[in-house]
Amino acid sequence: MLPTQKTPPKTNLNDLTVLVYGPSKIGKSTWCAQADGALFLATEAGLNNLEVFQAAIATWEDLLSACKEISEGKHPYKTIVLDTVDNAYRMCAEHVCQKFKIEHESDLGFGKGYALINNEFYRVLNKLSLLPHGLILISHSQEKELETRTGKLTRIVPTLPEKARKIVLGMVDMILFCDLESTSGADGKPTQRRVIRTKPNVHYEAGDRTGRLPEVIDLDFSKFLQAFGGPQSGAPVPSQPATPQTPVQPSPAMAPTSTAPSAAAAAQTKSRAVATTR
């Protein structure tokens, strides 16, 4: 039971859990669609212009059913993309309220409703992250005002509620912030470059436990792979998966238990973050 050898660091993206967040329409879903064998668990509209494998998720029960089918392994997918994790959390809250026949989580008193929601949310995300697939969680961005010892600070963070945000941030191997960086074009005129920020900063949430990524990368999946330097196992999803052209279908659900200003980056990054919610 106890290990006799140290486990080596994971160098394959299909073994990692990643949070990708940023403003609407910057290209988060397009970036994720290029991941190896990607299956989108789509909790909102937004994939109409992408040719991807997707399963529509309208309720928490739908997500549980999809997770159950994914865990059985009878599919060719290698990366699961939850788009968006924000909506998944809302569905989780609705599920708990319906189960206990209450209108709001605060109706149970003493914080019990919030605890039940957060526990259920963690339970399912943790099971997904432990499966032998890559897991990408997509969120939007928002500016949040924080009180510090030297005064107020505006920081850009994912749009998840605070408790859910802490759950996700503690679980992921990478926090990738999609941003717009002001630069000059070939003609010398101002232009904007789409980038991913990967390192912690006082003005935005980001991080990379692998230590493989540079501070800033173009929002381009091939350049991300090159910077990461690790393999993605296998090839893209075959044109004819286990069930051709058919997304994951609902099956009996798993039984659940019991803000810096708009110019977001500091002087060293010289960027302007676009912080909007959908």
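Residues numbered from 1 in each chain as written. Predicted model: local features only at pLDDT ≥ 70, side-chain atom pairs only at ≥ 80, totals over all residues. Heavy atoms only, no water.

Next up on the list: the pairing of strand 4 (residues 79–83). By the criterion of burial, strand 4 is predominantly enclosed, with five of the five residues buried. For strand 2 (residues 38–42) and strand 4, the ladder comprises five bridges, and the chain directions are parallel. Paired with alanine 38 across the strands is threonine 79, a residue of strand 4. Here five bridges tie strand 4 to strand 5 (residues 134–148), and the two strands are oriented parallel to one another. Across the sheet, isoleucine 80 pairs through a bridge with leucine 135, a residue of strand 5. (Buried < 20%, exposed > 50% of the residue type's maximum accessible area, 1.4 Å probe, protein only. Helix = DSSP H or I, 4+ residues; strand = E, 2+ residues; numbered from the N terminus. Pairing = 2+ DSSP bridges.)

This part covers the nonpolar core. As a rule of thumb, soluble globular proteins bury nonpolar side chains together. With 44 residues, the main nonpolar core has Leu41, Trp60, Phe121, Leu137 and Val168 as its most contacted residues. With near-sequence residues (within four places) excluded, leucine 41 lies in contact with Ala55, Ile57, Leu63, Ala66, Ile70, Ile80, Val81, Leu82 and Asp83. Residues Ala42, Leu176, Ile196 and Phe221 belong to the second largest nonpolar core, which totals 26 residues. (Core = buried A, V, L, I, M, F, W, Y, C linked by side-chain atoms within 4.5 Å. Contact = heavy atoms within 4.5 Å.)

Glancing now at unusual backbone geometry. The step from aspartate 83 to threonine 84 runs through a cis peptide bond, and the omega angle for that step is 5 degrees. In this structure, lysine 25 is a non-glycine residue whose phi angle is positive, near 65 degrees. Relative to the assigned elements, lysine 25 resides in the loop between strand 1 (17–22) and helix 1 (28–32). On the accessibility criterion, lysine 25 (66% relative accessible area) is exposed.

Let us look at the pattern of salt bridges. Following the criterion strictly, the structure yields 11 salt bridges and no others. Where lysine 152 meets glutamate 145, a salt bridge forms, and the shortest distance between an N and an O atom there is 3.6 Å. Looking at glutamate 145, the relative accessible area reads 53%, which means it is exposed. With a shortest N-O distance of 2.8 Å, glutamate 181 and arginine 193 are connected by a salt bridge. Here arginine 193 lies in strand 8 (residues 190–197) and glutamate 181 lies in strand 7 (residues 174–184), a separation of 12 residues in the sequence. Glutamate 181 sits in the buried class, given a relative accessible area of 13%. Since its relative accessible area comes to 31%, arginine 193 is described here as partly exposed. Bridged by salt links that share partners, the residues Asp179, Glu181, Arg193, Arg197, Asp218 and Lys223 form one connected network. (Salt bridge = Lys/Arg side-chain N within 4 Å of Asp/Glu carboxyl O.)

At a minimum axis distance of 10 Å, the contact between helix 4 (residues 112–130) and helix 5 (residues 162–171) shows a crossing angle of 20 degrees. Comparing their axes, helix 5 and helix 4 come out roughly parallel. Seen from above, helix 4 lies across helix 5 with right-handed handedness. Where helix 4 abuts helix 5, its residues Asn118, Phe121, Tyr122, Leu125, Asn126 and Ser129 lie against Lys163, Ala164, Ile167, Val168 and Met171. (Axes fitted to C-alpha atoms, helices over the stretch in contact; angles between N-to-C directions. Parallel < 35°, antiparallel > 145°, perpendicular 65-115°, else oblique. Left-handed = near helix turned anticlockwise from the far one by under 90°.)

Here helix 3 (residues 85–99) is 15 residues long and its end C-alpha atoms lie 21 Å apart, about the 21 Å a rise of 1.5 Å per residue gives. Among the 15 residues that make up helix 3, 11 are buried, leaving the element largely enclosed by the rest of the structure. Those residues of helix 3 that sit buried are Val85, Asp86, Asn87, Ala88, Tyr89, Met91, Cys92, Ala93, His95, Val96 and Cys97. Residues of helix 3 that are buried in the fold lie against helix 2 (60–71), strand 4, helix 4, strand 5 and helix 5. Directly beyond the C-terminal end of helix 3, a positive phi value near 55 degrees is found at lysine 101. (Expected span 1.5 Å × (residues − 1).)

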